[in-house]
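Examination of the molecular architecture
What follows is each chain in one-letter form.
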Amino acid sequence: MKQYLLISLAAFALASCSNNKKVQQETQQFLDAYNKKYTELSVAANEAQWKVNTMIVEGDSSNALAAEAANKAYAAFTGSKENIETAKKMLEQKDMLTELQVKQLNKILYLAANNPETLKSLVDERIKAETAQTEKLFGFNFTINGKAVSTNDIDEILGSETDLAKRQAAWEASKEVGKTLKDGLANLQRLRNETVKGLGYADFFTYQVSDYGMTTDEMMQLNKQFIKELWPLYRELHTYARYELAAKYGVKEVPANIPAHWLTNRWGQDWGAMIEVEGLNLDSSLKTKNAEWLVKEGERFYKSLGFESLPETFWQKSSLYPVAPDAAYKKNNHASAWHMDLNRDVRSLMSVVPNTEWYETVNHELGHIYYYLSYSTPEIPPLLREGANRAYHEAFGTMIGLAAMQKAFLSNNGLLPAGTATDEMKTLLKQALNSVVFIPFSAGTMTHFEHDLYVKNLPKEQYNTRWWDLVKKYQGIEPPAARSEIWCDAASKTHINDDAAQYYDYALSYIILYQVHNHIATNILKQDPHNCNYFGSKATGDFLRDIMKYGASKDWRAVLKEKTGSDLSAAAMLKYFEPLLPYLKELNKGRTYTLPETID
């Protein structure tokens, strides 16, 4: 009897195993066909968008129309009713499938929610509205006192002018674009929310957050925690900045909040320009180089870590340098990295000139490029060829940019004379005025505004009021004069329009980068995280590739915990800037603090 039972159990196990194998094979056939078509349409859409960004000819809309057509074809496939129904049906048997298959099926449904065929007219309307919004944003003619200016001109004024009236005129000019975008944003708010409801998402913000495997409440609590942990340091930085800027502009009565036009950044997200660290300005060294040298030097850094040479097509097809003044076309000058075919065709869109800013930017953009190449392997299906989460890409790029600016690295690579003396505390202060200051903007102002926009359906008549309430609460910044609801200052930030409900990506990326950098410096290089040298460290390259190579095929939390030994936390960032707190407290003795001691 016992022997008969064992034979029966074995037969059942074999039958079950055979059934599982059959289900997996059928699922794989569907996934293979989907990935093939998905890649084909992604390539077409990317190529069309590449032309839109690199070949802008006034009066010629052919590239924009081609991009719209390619986007519609991509939307029609990813949102197809047949694909949705097939994926859902296969997920009913997910216990029989491999983890990789389940991840791909869930990704198919995630992509479908943004373009469901069942709401085709709504999707088409949204694509058209998004194209129109982008054209208004980037086609806006900025003026100061009736004279046409570019955003670069505005930034130049905010970076160098000390006359507060001229600064205010430039700052206010930068916000005029919001007036033209307000109605379009309200329309996109409606269209984005209605589109994703087709597959059961409550709103567009919740849809975007779900890509992290998190609920909206979980994401909001995480961002609030980042702000809360960094708040004591931010409060000191805010007090320091108020008094230093008041002295700079000759204002005797220090205001409770920082007037927005006092800062060099149009959104107050980076105050680093307040500090100049003698010895760390590379412009004098770099002006003897050419633009190509900067990109080749960036590649040399990655190769020293054990990464491969960039594909030859990178050099042939990228748009790396400024367009000639007499060229018959223009291009988007905002730096970006592109994974054209989800395989080896990687490109970068930059306008490199030999200066410090572009030196750091090159290293950042190549971080994206090498991440693309690391997971473009047969083991990772095209659907999952992306970062472990969206923040990972930004984290690695920014981290390499940070590493390339550390004194030990610069000295090793001949960009700083050996033994160059620098003020270490001033260096740390400058970094904090960039990194720490960014968190209340990204995790606070931007994330909470977009949360309210989509989750709470914020009325159009309250856009500007809500924006400035958040800016005051989280950043301690106020406009130079009252701002009524005729403006929409939030919409002057490009991401509100064309990269919607994802700005928390950047907040998470800063937390991740300090966590990973601290691990590399402390556990691999055995060097001071404030002054270490990645160059030539194959162990550092191996560590990074061990994270990068999985793409999105593994849970991002598990990857972070496995590789750094810790869950996502601001602890490493706090530790990095820990020496700054007593220094700032000493500088701020006798000064009045206007931000509360704690924040909810």
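Residues numbered from 1 in each chain as written. Predicted model: local features only at pLDDT ≥ 70, side-chain atom pairs only at ≥ 80, totals over all residues. Heavy atoms only, no water.

1. Considerations on the overall build of the chain
A count of helical and extended segments in the chain gives 24 helices and 6 strands. Since a compact globule built from 600 residues should have a radius of gyration of about 25 Å, the 25 Å found for the chain is in line with a globular shape. Projected onto its principal axes, the C-alpha positions of the chain cover 95 × 55 × 55 Å. The proportion of buried residues among the 600 residues of the chain is 52%. Within the chain, residue pairs in contact and separated by at least 24 positions form 78% of the contacts whose partners lie at least 6 positions apart. Of the roughly 26,600 Å² of accessible surface on the chain, a fraction of 52% belongs to carbon and sulfur atoms. (Helix = DSSP H or I, 4+ residues; strand = E, 2+ residues; numbered from the N terminus. Rg over C-alpha atoms; globule rule 2.2 N^0.38 Å. Buried < 20%, exposed > 50% of the residue type's maximum accessible area, 1.4 Å probe, protein only. Contact = heavy atoms within 4.5 Å. Areas by Shrake-Rupley, 256 points an atom, 1.4 Å probe, with all protein chains shown as cover.)

2. A look at the packing of aromatic side chains
Tallied over the full model, the rule gives 38 aromatic pairs. An angle of 75° between the planes, with centres 6.3 Å apart, marks the rings of Phe449 and Tyr463 as edge-to-face. Taken together, the residues span a long stretch of sequence, with Phe449 in helix 17 (residues 424-454) and Tyr463 in helix 18 (residues 463-475) at a distance of 14 residues. Taken as a pair, Phe449 and Tyr463 share a single burial class, namely buried. The rings of Phe301, Tyr302, Phe307, Tyr370, Phe409 and Phe535 are connected pair by pair, giving a single aromatic cluster. Looking at Arg347, its charged tip hangs above the ring of Trp50, at a distance of 5.3 Å from the centre. (Phe/Tyr/Trp six-rings, centres within 6.5 Å; stacked < 30°, edge-to-face > 60°. Lys NZ or Arg CZ within 6 Å of the ring centre and 35° of its normal.)

3. Some details on the confidence of the model for the chain
Per-residue pLDDT for the chain has a mean of 93; in total, 97% of the residues score no lower than 70. Every residue in residues 8-14 scores below 50 in pLDDT, and together they form 0 contacts with partners more than four places removed in sequence or on other chains. (pLDDT = per-residue confidence, 0-100.)

4. A few points about the pattern of salt bridges
With the rule as written, the count across this model stands at 34 salt bridges. One salt bridge in this structure joins Lys589 and Glu586, with 3.3 Å as the shortest N-O distance. Of the residues examined, Lys589 reaches a relative accessible area of 61% and is grouped as exposed. Beyond isolated ion pairs, a larger network of salt bridges with shared partners links Lys107, Asp211, Glu386, Arg390 and Asp505. (Salt bridge = Lys/Arg side-chain N within 4 Å of Asp/Glu carboxyl O.)

5. Observations regarding the nonpolar core
In terms of nonpolar packing, the biggest core is built from 148 residues, with Tyr359, Tyr392, Tyr534 and Phe577 touching the most fellow members. Apart from the residues lying within four places of it in its own chain, the contact partners of Tyr392 are Tyr371, Ile512, Ile547, Trp556, Val559 and Leu560. One finds Phe30, Met90, Leu91 and Ala112 within the second-largest nonpolar core, a separate group that totals 21 residues. (Core = buried A, V, L, I, M, F, W, Y, C linked by side-chain atoms within 4.5 Å.)

6. Thoughts on a nonpolar patch on the surface
Among the surface-exposed residues, Met55, Val57 and Tyr329 lie close enough to one another that they form a single nonpolar patch of about 220 Å² accessible area. Looking at the element boundaries, Val57 is found in the loop between helix 1 (2-54) and helix 2 (62-78). Among the residues examined, Val57 registers a relative accessible area of 31% and is labelled partly exposed. (Patch = residues over 30% accessible without salt bridge, like charges linked within 9 Å, V, L, I, M, F, W, Y side chains within 5 Å.)

7. Some details on helix 22 (residues 556-564)
Buried within helix 22 we find Trp556, Val559, Leu560, Lys563 and Thr564. Looking straight down helix 22, one finds its buried side chains confined to an arc of 95°; they lie on one side. Residues of helix 22 that are buried in the fold lie against helix 15 (390-403), helix 20 (504-525) and helix 21 (538-548). Taking the backbone nitrogen of Arg557 as reference, a side-chain oxygen 2.9 Å away marks Asp555 as the first, capping residue of helix 22. Following helix 22 by one or two positions, Gly565 has its phi on the positive side, about 85°. (Arc of directions from axis to C-beta. Polar contact = N/O pair within 3.5 Å; in protein donor to acceptor, adjacent residues only side chain to side chain.)

8. Remarks on the packing of helix 15 against helix 20
In the contact formed by helix 15 and helix 20, the axes pass within 7 Å of each other and the chain directions differ by 50°. With respect to helix 20, the element helix 15 is oriented oblique. Once helix 15 is placed against helix 20, the crossing between them reads as right-handed. Taken together, the residues of helix 20 that come into contact with helix 15 (itself represented by Arg390, Ala391, Tyr392, Glu394, Ala395, Phe396, Thr398, Met399 and Leu402) are Tyr504, Asp505, Tyr506, Leu508, Ser509, Ile512, Leu513, Tyr514, Val516, His517 and Ile520. (Axes fitted to C-alpha atoms, helices over the stretch in contact; angles between N-to-C directions. Parallel < 35°, antiparallel > 145°, perpendicular 65-115°, else oblique. Left-handed = near helix turned anticlockwise from the far one by under 90°.)

9. Some points on the pairing of strand 5 (residues 346-349)
Along strand 5, one buried face is formed by Val346 and Ser348 and the opposite face, lined by Arg347 and Leu349, is buried too. In terms of strand pairing, strand 4 (residues 336-339) meets strand 5 through 4 bridges, oriented antiparallel. Its bridge partner lying in strand 5, Trp338 is registered against Arg347. The antiparallel hairpin formed by strand 4 and strand 5 contains 6 residues in its connecting segment, where Leu342 sits at a positive phi of about 55°. (Pairing = 2+ DSSP bridges.)

10. Concerning the packing of helix 20 against helix 22
In the contact formed by helix 20 and helix 22, the axes pass within 10 Å of each other and the chain directions differ by 25°. Between helix 20 and helix 22, the interaxial angle falls into the category roughly parallel. Helix-helix and strand crossings are classified by hand; for helix 20 and helix 22 the assignment is left-handed. Between helix 20, through Ile512, Gln515, Val516 and His519, and helix 22, the contact on the second element is made entirely by Leu560, Lys563 and Thr564. Split by residue class, the contact of helix 20 with helix 22 holds 3 nonpolar, 3 polar and 1 charged. (Nonpolar A, V, L, I, M, F, W, Y, C, P; charged D, E, K, R; others polar.)

11. Topic: unusual backbone geometry
The backbone of Asn145 sits at a positive phi, close to 55°, despite the residue not being glycine. With respect to the element layout, Asn145 can be found in the loop between strand 1 (142-144) and strand 2 (147-149). Look at Asn145 and you get exposed, because its relative accessible area is 78%. Even without a glycine there, the phi angle at Ala501 is positive, about 55°. Within the secondary structure, Ala501 sits in the loop between helix 19 (494-498) and helix 20.

12. Notes on helix 10 (residues 216-248)
Between its first and last C-alpha atoms helix 10 spans 42 Å; for 33 residues at 1.5 Å apiece the expected length is 48 Å, and the helix comes up short by more than 12%. The largest bend in helix 10 is about 60°, located at Trp231, with the proline Pro232 one to four residues further on. At the C-terminal side of helix 10, Gly250 shows a positive phi close to 70°. (Expected span 1.5 Å × (residues − 1). Bend = angle between axes of the 7 residues up to and from the residue.)

13. Focus: the environment of Tyr392
Mapped onto the elements, Tyr392 comes out in helix 15. Put simply, Tyr392 and Leu513 are 121 residues apart on the chain and 8.2 Å apart in space, counted from C-alpha to C-alpha. A polar contact of 2.8 Å, which involves the side chain of Tyr392, links it to the backbone oxygen of Trp556.

14. As for the side chain of Glu299
Among the secondary structure elements, Glu299 is positioned in helix 12 (residues 291-304). For Glu299, which is buried and forms no salt bridge, the nearest opposite charge comes from Lys296, at a distance of 4.3 Å. The contacts of Glu299, once residues within four sequence positions are left out, are Ser309, Leu310, Trp315, Leu366 and Tyr370. (Lys, Arg positive; Asp, Glu negative; His and termini not counted.)

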